[in-house]
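# Results of the structural survey
These are the residues of each chain, in order.
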Amino acid sequence: MSLALCADLGATATWFCLGDQARRHPALLRRIVAAGHAIGLHGLTHRRAFEMDWAAWRASVRDGRALLEDLAGQAVVGYRAPEWSLRGPAEDWWRDLPELGFRYDSSRAPLAVIGDPAWPRRPHRLAEGLWELPPPVLWSGPPRSPLWGWGPRVLPFSLVRRELAFLAAEDAGTPLTIHPWELDEGQPDLPGASFGHRFAHGAGLKGHGAHLRDLLAGFRLTTLEAWVGDQ
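I will try to describe carefully the structure that is included in this document. Quick caveat: nothing in here was measured; it's all calculated off a predicted structure.

### Side note on the nonpolar core
Membership of the largest hydrophobic core comes to 48 residues, with the highest contact counts inside it found for Ile39, Trp57, Tyr79, Leu86 and Leu97. Taken together, the elements giving at least two residues each to this core come down to helix 1 (2-9), strand 1 (14-18), helix 3 (26-34), strand 2 (38-43), helix 4 (54-72), helix 6 (157-170) and helix 8 (208-216). It is helix 4 that contributes the most residues to this core, six residues altogether. For tyrosine 79, the contacting residues outside a window of four places in its chain are Phe16, Leu41, His42, Trp57, Val61, Leu86, Leu97, Phe102, Tyr104, Asp105, Ser106 and Ser107. Listed in part, the seven residues of the second largest apolar core include Trp131, Leu133, Leu224 and Val228.

Here it is as structure tokens:
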């Protein structure tokens, strides 16, 4: 469904993949690459960075990148930690990414709870030449809202479309994050999940695929690798 959405929009995308899932589904990874998309690392598993010690995280990033490159047959130069988890005790671990072969990171959300509202909202260079590409947030709050996940599913269409148009006009290089499960209206409930998680996963799912096609129609949608390469 996600590949079909990209095809309908004429979009190329960066697919942030988990190493353990790519190992289980190598044919799907090759389909993604064959369709002209780029592969980024989401982690070896979906364990959040700050739940590991530094050495274990570094090893998982090194091994996950090597695995994806072997399976996909293309360079992997982008990283996004599960749940934007380069925060807390892991806040400075991005400094290892250039040495590990990465050109950009997208793990630092300028939003409370999963990041820090004081972090920059637009792509910028960190030390060691690494690009940081933060996910977009809607600042016409309060409350400040993500322009991914539940945000585009529940916020007014005109408001989200206007904000996306601003980003496009700036050629902002801002990741428009979509999870594949957001196109699965029949996904089961999450047993034992908190209200916040149930809301984030379930709000506005019905008809979201068609909604996204209308919301993103007419925009030039390309990979993060292509944007970084043009800078």
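### Concerning the pattern of salt bridges
For the structure on display, the rule yields twelve salt bridges. Its salt-bridge partner being aspartate 96, residue arginine 58 comes within 2.8 Å of it at the nearest N-O pair. Here the residue arginine 58 occupies a position in helix 4, and aspartate 96 occupies one in the loop between strand 3 (78-79) and strand 4 (104-105), the gap between them amounting to 38 residues. Judged by its relative accessible area of 13%, aspartate 96 is buried. Taking the shortest distance from any N to any O, the salt bridge between arginine 220 and aspartate 171 comes out at 3.9 Å. Residue arginine 220 is found in the loop between helix 8 and helix 9 (224-230), and its partner aspartate 171 is found in the loop between helix 6 and helix 7 (195-202); the two are separated by 49 residues along the sequence. When its relative accessible area of 65% is taken as the criterion, arginine 220 is described as exposed. Salt bridges sharing common partners tie together Arg48, Glu51 and Glu83.

Thresholds applied
Residues numbered from 1 in each chain as written. Predicted model: local features only at pLDDT ≥ 70, side-chain atom pairs only at ≥ 80, totals over all residues. Heavy atoms only, no water. Core = buried A, V, L, I, M, F, W, Y, C linked by side-chain atoms within 4.5 Å. Buried < 20%, exposed > 50% of the residue type's maximum accessible area, 1.4 Å probe, protein only. Helix = DSSP H or I, 4+ residues; strand = E, 2+ residues; numbered from the N terminus. Contact = heavy atoms within 4.5 Å. Salt bridge = Lys/Arg side-chain N within 4 Å of Asp/Glu carboxyl O.

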